[in-house]
Amino acid sequence: MTTTAEPTGRTAAAIQSRRSTSEAMLERVRGALKQMRRERARVTVAAVARRADVSRTFLYQNTDARALVAQAADDAGGHRVLDQAEQAAHAEASWRERALNAEAALKHAHCEIALQRTAIGELLGKIRDLENDLPEDGVQRLVTDNTSLKQQVRQLTQQTSRLQERLTAARDNSRFLDNRIAGLEAQLADQITLDASGS
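Small disclaimer: the values here were computed from a predicted structure and weren't measured.

Draft legend 1. Up close: a nonpolar patch on the surface. A cluster of nonpolar side chains, I120, L124 and I127, forms an exposed patch at the surface whose accessible area comes to about 260 Å². The residue I127 is located in helix α4 (residues 63-133) in this model.

Draft legend 2. Just the nonpolar core, in detail. Ranked by size, the top nonpolar core spans 19 residues in total, and within it V29, V43, V48, V54, F58 and L59 carry the most contacts. The set of elements that each furnish at least two residues to this core consists of α1 (2-39), α2 (45-52), α3 (56-61) and α4. Among the elements that make up this core, the one with the highest residue count is α1 (six residues).

Draft legend 3. Structural view of the pattern of salt bridges. A full pass over the atoms with the stated rule returns three salt bridges. When the shortest N-O distance is used, the salt bridge between E39 and R51 registers 2.9 Å. Of this pair, E39 sits in helix α1 while R51 sits in helix α2, and the two are twelve residues apart along the sequence. We classify E39 as partly exposed; its relative accessible area is 43%. Classification of R51 by relative accessible area gives partly exposed; the value is 36%.

Scoring rules and cut-offs
Residues numbered from 1 in each chain as written. Predicted model: local features only at pLDDT ≥ 70, side-chain atom pairs only at ≥ 80, totals over all residues. Heavy atoms only, no water. Patch = residues over 30% accessible without salt bridge, like charges linked within 9 Å, V, L, I, M, F, W, Y side chains within 5 Å. Areas by Shrake-Rupley, 256 points an atom, 1.4 Å probe, with all protein chains shown as cover. Salt bridge = Lys/Arg side-chain N within 4 Å of Asp/Glu carboxyl O. Helix = DSSP H or I, 4+ residues; strand = E, 2+ residues; numbered from the N terminus. Core = buried A, V, L, I, M, F, W, Y, C linked by side-chain atoms within 4.5 Å. Buried < 20%, exposed > 50% of the residue type's maximum accessible area, 1.4 Å probe, protein only.

In structure tokens form, the structure reads like this:
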């Protein structure tokens, strides 16, 4: 009787030890999954096994561990879908804002073009009014006067250029003569000094 009770006690202790080990491993798996959820890391069996410091076999064979990993993977997939939806909404909002800005700029450009067209129309009307006020041969007379004025300007420019050359030459001559006079005055002074000392 004693011999049969002893293996039963050992078996119970072994089962209890295995259970507590499994519980500790499950607790590590829960902790790893919690951390991965916080980090929004990708949930795979290999990643969970690495983080929880358990074997992949344990994760596949233990029903609780397998259920935890599957649930976390589903949740992470849902988070990923939510993140993608959030990013898509953000991108759409950004594009919507750009489209609104472009639309506002386009309206402003259309207003500016309309104002420019109005101003051009008014100026063209003034030009036509001026043309109508001129006598029939007025345009031809203006063209002729303009041509003769251009010729006069050309002639005056040439005369100015010639006068400028003459002025430059006259200044050069004046400088030369000033130097010559200064030289003669110096000679005269020397001569007067020699004459005074000789007498």
